[in-house]
Every structure is written in C-alpha cells, then in structure tokens.
Amino acid sequence: MLIEALVWKYGYAPGLTIRDGVIEEWPSTWPEQPAKKAIEKIVDDFQAQELPKVQTRLILDDGDKGLIRVIEDLVTTLIDKGVIAKADLPPAALQKLDERSALREVLK
Amino acid sequence: MSIVVSPFALLRRASSWVAEQNFLAGHKVNSLSAYHILGRGYSESGADVSTTTTIPLDDTTPTNSEGAQLLTLSYTPKKIGARLIISYAGLISVPAGFAGVVALFSDSTLLAVAAGQSYSNGAMISPGGVYEMTVASLSAINFATRFGGNNAGTARANGTMFLSGRVYGSVPKSFISVIEVDQ
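Residues numbered from 1 in each chain as written. Chains lettered and ligands numbered in written order. Predicted model: local features only at pLDDT ≥ 70, side-chain atom pairs only at ≥ 80, totals over all residues. Heavy atoms only, no water.

A. Spotlight on the overall build of chain A. When its secondary structure is counted, chain A shows three helices and two strands. Taken from the N to the C terminus, the helices and strands of chain A come in the order α-β-β-α-α. At 23 Å, chain A has a C-alpha radius of gyration far larger than the 13 Å of a compact globule built from 108 residues. Seen through its principal axes, chain A has C-alpha atoms that stretch 65 × 25 × 25 Å. Here chain A holds 108 residues, and 26% of them are scored as buried. In chain A, the proportion of contacts linking residues at least 24 apart, taken out of those at least 6 apart, comes to 34%. Accessible surface for chain A amounts to roughly 7,600 Å². Of this, 60% is attributable to carbon and sulfur atoms. Charge centroids of chain A, computed over 15 positive and 19 negative side chains, lie 3 Å from each other. (Helix = DSSP H or I, 4+ residues; strand = E, 2+ residues; numbered from the N terminus. Rg over C-alpha atoms; globule rule 2.2 N^0.38 Å. Buried < 20%, exposed > 50% of the residue type's maximum accessible area, 1.4 Å probe, protein only. Contact = heavy atoms within 4.5 Å. Areas by Shrake-Rupley, 256 points an atom, 1.4 Å probe, with all protein chains shown as cover. Lys, Arg positive; Asp, Glu negative; His and termini not counted. Charge placed at Lys NZ, Arg CZ, Asp CG, Glu CD.)

The structure is reproduced here in structure tokens:
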C-alpha cells in the first residue's frame, strides 16, 4: 500500500521502487524523501481518506463493463417499441451502438 | 547325470544379470541422449517489489534503466560452444488493461522480453519464457530480470495491486533458471 499512498500524495512519477517495504529509489521530480514518521502519516492518511474511494472505484469499474450491455439492450428495446427514434440519439452515441451491434453480428 | 546348482550361485547369476541389464539400459539412454548437462544455476525471490518505472510497450528495445530489477543470477559457463537454456518468469500485478512486462538481460544486453495483459485489478500474471544462447566465453554471466508496467502507473512483483502486497504466503516466486548443456 506504500506505493499507492506515495503516488496519491505526490502524483505519479517514474523512478519509485519499493522492495519489501524499503524505498530503494525515489523519483527525482518529487520533493526530498521525508522521514519515516512522515511517510507513515501519508500511509495513514491514504488509508483513511483515499482507500475507501479506491475500493469503491474498483467495484464500479468492474460493474461498468456489465452495465454497457444493459444500456445497449435498453436503447435497442426503446427503439423497437417506438419510444425513441434512432435519430433522437446523439450521432456519436448512435455510431458506438451501431459499431457494437455490427461486431456482435460478426460473432453470431 | 544330475547337475546340482548351489542357490548361492543362482543368486550371484541373477544379480549379475540384473547388473548387466542396468548397465545396458544406462548405456542405451546415454547413447540416445542428445544433451549432457554440464551445470545449472537457479535464483528465485518472493520479495514484494513495486515500482512506478515503466517498460513502455512500444517498438523500442527495453533497456536496463527501464522498470525495476527483479532478480539476478550469476552463472559461470563450463564449456565454450555449449548451449545455455535460460528460463525466466515474474509474477506481476498491474492495473486492469495494463500490460506487465518482464525483460531478461545479460549484463546490459537485452536477451528476451515477455509481456502479458492484466484483465482486472488485482489479478496476477506471469510473463516469462525460455531463451537459448551459445557459450562464447567462460567468464561469469550476470543475468537479471527487470519488470514494470507498460504505462504510467504502478506495477508489483510477487504480490497484487490494491491488496497491500503479498498473497499466498511466501509461495509465489519469480525465478531465473540456467541449464548448460553440451550437444
């Protein structure tokens, strides 16, 4: 969790390597490496403030993939039932739906 | 006329026959075998290593300043002209959709590279492969593997992202194995 906490605190930068909890490399673009106590505080803050958000985001990310199909099926049903017309959809959304529909035809 | 054979003589004959068969079997195996193992080396590590330094997934040769060092193995070949069979793998975790890359070096020279894509956050992949080379010198060769994600983000070896590191106890290990064979 140390690497996630440091990236959360300072922003992503290449050059950070941690081996078995010991910092081996510190990015040259970051401020000087703080003392051990200050690093522990960063990890505590990360756990308290950011970790619940990260975990929620991961669950949402996984759910998003399944939701795409739900939305696609919903739009198709609404069009089939005449509730909405294809022309009502924004062109970019219509293009994406058509592309996915065409790809699904290939798989049939 | 009856011939009396001592049971001890029969036993000696039988054990001699078994020894003879064993010898022939061994000789047959040796004569058919294409390779003779001259030496071997092995290095493994279950250390929880994480890095933000990437090995970009592009059409450039990975260098030994990309990614982070995973393992090293020094091996001194026994015979010029022999073949070295090097197996390597790293247990890597990267964010979903990223590639985890493991590169095999001999000192600063890239020998081989392997990559795999992670299908979900927290999943572990084990990019690796087998590389062969001919022994050109009897000096020690310093093999090393380096690992990294393909894109800006973090990569972890021998553990998973977002789950604070090591999993499955100390069993998962990245490794380099070298076997030297005479042809």
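B. Fine view of the pattern of salt bridges. Under the defined criterion, the tally for this structure stands at nine salt bridges over all chains. Residue Lys79 of chain B pairs with Asp182 of chain B through a salt bridge whose shortest N-O separation is 2.7 Å. Residue Lys79 of chain B is found in the loop between strand S3 (68–75) and strand S4 (83–89), and its partner Asp182 of chain B is found in strand S14 (residues 174–182); the two are separated by 103 residues along the sequence. Several salt bridges converge on common partners, so that one network encompasses Glu4 of chain A together with Asp48 and Arg156 of chain B. (Salt bridge = Lys/Arg side-chain N within 4 Å of Asp/Glu carboxyl O.)

C. Structural detail: the layout of surface pockets. Residue and element names in this part refer to chain A. Here the second largest pocket is characterised by a volume of approximately 270 Å³. Lining of the second largest pocket is provided by 14 residues; of these, Glu72, Thr76, Leu97, Asp98 and Ser101 occupy positions nearest its centre. At the level of elements, helix H2 (36–80) and helix H3 (91–107) are the ones that each hand at least two residues to the lining of the second largest pocket. Looking at side-chain class alone, the lining of the second largest pocket contains four nonpolar, two polar and eight charged residues. (1 Å grid on protein atoms, 1.4 Å probe; cavity = no way out; pocket = protein on both sides within 12 Å on 5 of 7 lines; lining within 4 Å. Points joined across faces, edges and corners; volume = space filled by probe spheres on them. Nonpolar A, V, L, I, M, F, W, Y, C, P; charged D, E, K, R; others polar.)

D. How the structure looks around the pairing of strand S10 (residues 141–149) of chain B. Residues and elements named next belong to chain B. Of all nine residues that make up S10, eight are buried, and the element is covered over most of its length. Judged from the seven bridges that link them, S3 and S10 form a sheet pairing that is antiparallel. For Ala68, the partnering residue across the bridge sits in S10 and is Phe147. Sheet topology places strand S6 (residues 99–106) next to S10; seven bridges connect them, and they run antiparallel. By the bridge assignment, Ala103 is partnered in S10 with Arg146. (Pairing = 2+ DSSP bridges.)

E. Spotlight on the sheet that holds strand S1 (residues 17–19) of chain A. Read from one edge to the other, the open sheet built from six strands follows the order S2(A)-S1(A)-S2(B)-S11(B)-S5(B)-S8(B), with strand pairing classed as antiparallel. For this open sheet the edge positions go to strand S2 (22–25) of chain A together with strand S8 (124–125) of chain B, each flanked by a neighbour on one side alone. Note: strand S5 (residues 92–93) of chain B against strand S11 (residues 155–157) of chain B, two bridges, orientation antiparallel. By the bridge assignment for S11 of chain B, Ile92 of chain B is matched with Ala157 of chain B. Lying over the sheet, helix H1 (residues 2–10) of chain A contacts S1 and S2 of chain A together with strand S2 (49–51) and S11 of chain B, oriented at roughly 155 degrees with respect to S1 of chain A. (Axes fitted to C-alpha atoms, helices over the stretch in contact; angles between N-to-C directions.)

F. Broad picture of the sheet that holds S3 of chain B. Residues and elements named next belong to chain B. Within the open sheet, the four strands sit side by side as S3-S10-S6-S7. Their pairing is antiparallel. Either end of the sheet is taken by a strand with one partner, and the two such strands are S3 and strand S7 (109–117). In this sheet, neighbouring strand axes are inclined to one another by 15 degrees on average, regardless of whether the strands run parallel or antiparallel.

G. Here's a closer look at the side chain of Glu66 of chain B. Residue and element names in this part refer to chain B. For Glu66, the location among the structural elements is in the loop between S2 and S3. It turns out Glu66 is buried and unbridged, and the closest side chain with the opposite charge, Arg146, is 7.8 Å from it. The contact partners of Glu66, leaving out residues within four places of it in the chain, are Thr53, Thr54, Ile55, Pro56, Thr61 and Arg146.

H. Seen up close, the side chain of Thr17 of chain A. Tracing the chain through its elements places Thr17 of chain A in strand S1. A polar contact of 2.7 Å, which involves the side chain of Thr17 of chain A, links it to the side chain of Glu25 of chain A. Setting aside chain neighbours within four positions, we find Thr17 of chain A in contact with Val22, Ile23, Glu24 and Glu25 of chain A together with Val49, Ser50, Thr51 and Ala68 of chain B. (Polar contact = N/O pair within 3.5 Å; in protein donor to acceptor, adjacent residues only side chain to side chain.)

I. Local environment of the interface of chain B and chain A. Each side of the interface is counted separately: chain B has 21 residues, and chain A has 16 residues. Interface of chain B and chain A: buried area, both sides summed, is about 1,500 Å²; carbon and sulfur atoms make up 50% of it. Counting across the interface, chain B meets chain A through one salt bridge. For Glu4 of chain A, the salt bridge identified is with Arg156 of chain B, shortest N-O distance 3.4 Å. When contributions to the side of chain B that touches chain A are tallied by element, the ones reaching two or more residues are S2 and S3 of chain B. (Buried area = accessible area lost by both parts, 1.4 Å probe.)

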